[in-house]
Amino acid sequence: MNTSTPAQAFDRVLLTGAAGGLGKVLRETLRPYAKVLRLSDISPMAPAAGTHEEVVPCDLADKAAVNTLCEGVDAIVHFGGISVERPFEEVLDANIRGVFHIYEAARRHGIKRVVFASSNHVIGFYKQSETLDANARRRPDGYYGLSKSFGEDTASFYYDRYGIETVSIRIGSSFPEPQNRRMMSTWLSYRDLTELIGRSLFTPNVGHTIVYGMSANRDVWWNNHLAAHLGFVPQDSSEVFRDKVEAQPAPAADDPVAVYQGGAFVAAGPFED
Ligand code: NAI
Ligand code: 15L
């Protein structure tokens, strides 16, 4: 994979969620950004650690374990947690307690930079006809979106109170290719994600910046003018997949996947009934 080379690298960067779909990719592509990548997940790590990697298994819900996990780390790329709509208690432990534990550990260990995997589901209840910037009022589309909203507020608080800087990336849909018509707008290639994480790690004075994680797709719903200081210019576009995606049957016009930015997430659950 062709990634940009950063002008600098940290000694040790922690990547949470390293056994997940994006984590497996980022293990490779974040390599130039750190001399040592500390990989963590609650799930088994495969493949095993390479020479530039070290594995520290951890449940994000365990505050003491997260504190130990962050020892000796210069920056955190926080991608671990529940990544879809699930019952509240699951989301509470992994994402809400988890992100709090990460920031508390960052505070205790003097870690000054975090890249947080937020999600488009913090604004999922907007219609696809609307265009948003980072100042748009959040409209989470479920417990998962609420947890990412909490994560963004936690990042903001830890910057204001303790000077810990964060870039919260509201990732659209980061997969090898867009899987449906909605993702023609929300798709973020792995190459663009990697570049955006690099910018998020090394751009000075980001405070708490919110950026939408999307490639240079033809029809987009988000405007990144408030994150222009990152200098992120996506290189890829979903357009090359248009024929393949549009060969799928179109959803009904009133189907949530065709109406809301969050797509099917707006109708997932409830799980309590
Ligand atoms: P994934 O579900 O494949 O990976 C998440 C990883 O977090 C898994 O390996 C899982 O074992 C780990 N995890 C879950 N609970 C944990 C806990 N209590 N303690 C420690 N680790 C735990 O998800 P994916 O697609 O790789 O996403 C990575 C991050 O990016 C997630 O935070 C997700 O919410 C976010 N994101 C991803 C998008 C995408 O399109 N892939 C879109 C928007 C946000
Ligand atoms: C997300 O936040 C999820 O983690 C990912 O699995 C996709 O569903 C993505 O959003 C999306 O909205 O396509």
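Predicted, not measured: the structure shown is a model, and the values here were computed from it.

Residues given the UniProt feature "domain: NAD-dependent epimerase/dehydratase" (unreviewed entry) here are residues 13-177. A distance of 27 Å separates the end C-alpha atoms of residues 13-177, which is 35% helix and 19% strand.

What follows deals with the packing of aromatic side chains. Given two aromatic rings, one states the distance between the centres and the angle between the planes to describe the pair. Evaluation of the coordinates by the stated rule reveals 12 aromatic pairs. Seen from their ring centres, Phe-157 and Tyr-162 are 6.2 Å apart, and the 85° between their planes marks the pair as edge-to-face. Ring geometry for Tyr-158 and Tyr-162: centres 5.4 Å apart, planes at 40°, overall tilted. Of the two residues, Tyr-158 and Tyr-162 both sit in helix H4 (residues 143-162), four residues apart, roughly one turn of that helix. Classification of Tyr-158 by relative accessible area gives buried; the value is 3%. A residue is classified by how much of its surface remains accessible, and Tyr-162, at 29% relative accessible area, is partly exposed. Ring-pair connections join several aromatic residues into one group, and the members of that group are Tyr-103, Phe-157, Tyr-158 and Tyr-162. Residue placement shows Arg-107 over the ring face of Tyr-162; its charged tip is 5.5 Å from the ring centre. Positioned over the ring face of Tyr-126 is Arg-139, at 4.9 Å from the centre of the ring.

This brings us to the site of ligand 2. Ser-83, Ser-119, Asn-120, His-121, Tyr-144, Gly-172, Ser-173, Phe-175, Arg-182, Met-183 and Phe-265 make up every residue found near ligand 2. His-121 places a polar side-chain atom, nitrogen or oxygen, 2.7 Å from an oxygen atom of ligand 2. The separation between an oxygen atom of ligand 2 and a polar side-chain atom of Ser-173 is 2.6 Å. When ligand 2 is considered free in solution it has 320 Å² of accessible area, and contact with the protein chains removes 83% of it. Considered class by class, the residues forming the shell around ligand 2 number four nonpolar, six polar and one charged.

Glancing now at the pattern of salt bridges. Evaluation of the coordinates by the stated rule reveals 20 salt bridges. Across the pair Arg-191 and Asp-236 runs a salt bridge, and its minimum N-O distance is 2.6 Å. Of the two residues, Arg-191 sits in helix H6 (residues 190-202) while Asp-236 sits in the loop between strand S7 (208-213) and helix H7 (242-246), which places them 45 residues apart along the sequence. Here Asp-236 falls in the buried class, since its relative accessible area comes to 19%.

Turning next to the nonpolar core. The biggest cluster of nonpolar side chains holds 34 residues, and the ones touching the most others in it are Val-77, Phe-79, Ile-197 and Leu-201. If you tally residues by element for this core, the top one is H6, at six residues. Phe-79 has contacts with Thr-16, Gly-17, Leu-22, Leu-26, Ala-117, Ile-171, Leu-193 and Ile-197, leaving out every residue within four places of it along the chain. If you look at the next biggest cluster of nonpolar residues, it comprises 19 residues, including Cys-70, Val-99, Val-114 and Phe-116.

Cut-off values and rules
- Residues numbered from 1 in each chain as written.
- Chains lettered and ligands numbered in written order.
- Predicted model: local features only at pLDDT ≥ 70, side-chain atom pairs only at ≥ 80, totals over all residues.
- Heavy atoms only, no water.
- UniProt positions renumbered as here; feature names shortened; annotations may be inferred.
- Helix = DSSP H or I, 4+ residues; strand = E, 2+ residues; numbered from the N terminus.
- Phe/Tyr/Trp six-rings, centres within 6.5 Å; stacked < 30°, edge-to-face > 60°.
- Buried < 20%, exposed > 50% of the residue type's maximum accessible area, 1.4 Å probe, protein only.
- Lys NZ or Arg CZ within 6 Å of the ring centre and 35° of its normal.
- Near = heavy atom within 4 Å.
- Polar contact = N/O pair within 3.5 Å; in protein donor to acceptor, adjacent residues only side chain to side chain.
- Areas by Shrake-Rupley, 256 points an atom, 1.4 Å probe, with all protein chains shown as cover.
- Nonpolar A, V, L, I, M, F, W, Y, C, P; charged D, E, K, R; others polar.
- Salt bridge = Lys/Arg side-chain N within 4 Å of Asp/Glu carboxyl O.
- Core = buried A, V, L, I, M, F, W, Y, C linked by side-chain atoms within 4.5 Å.
- Contact = heavy atoms within 4.5 Å.

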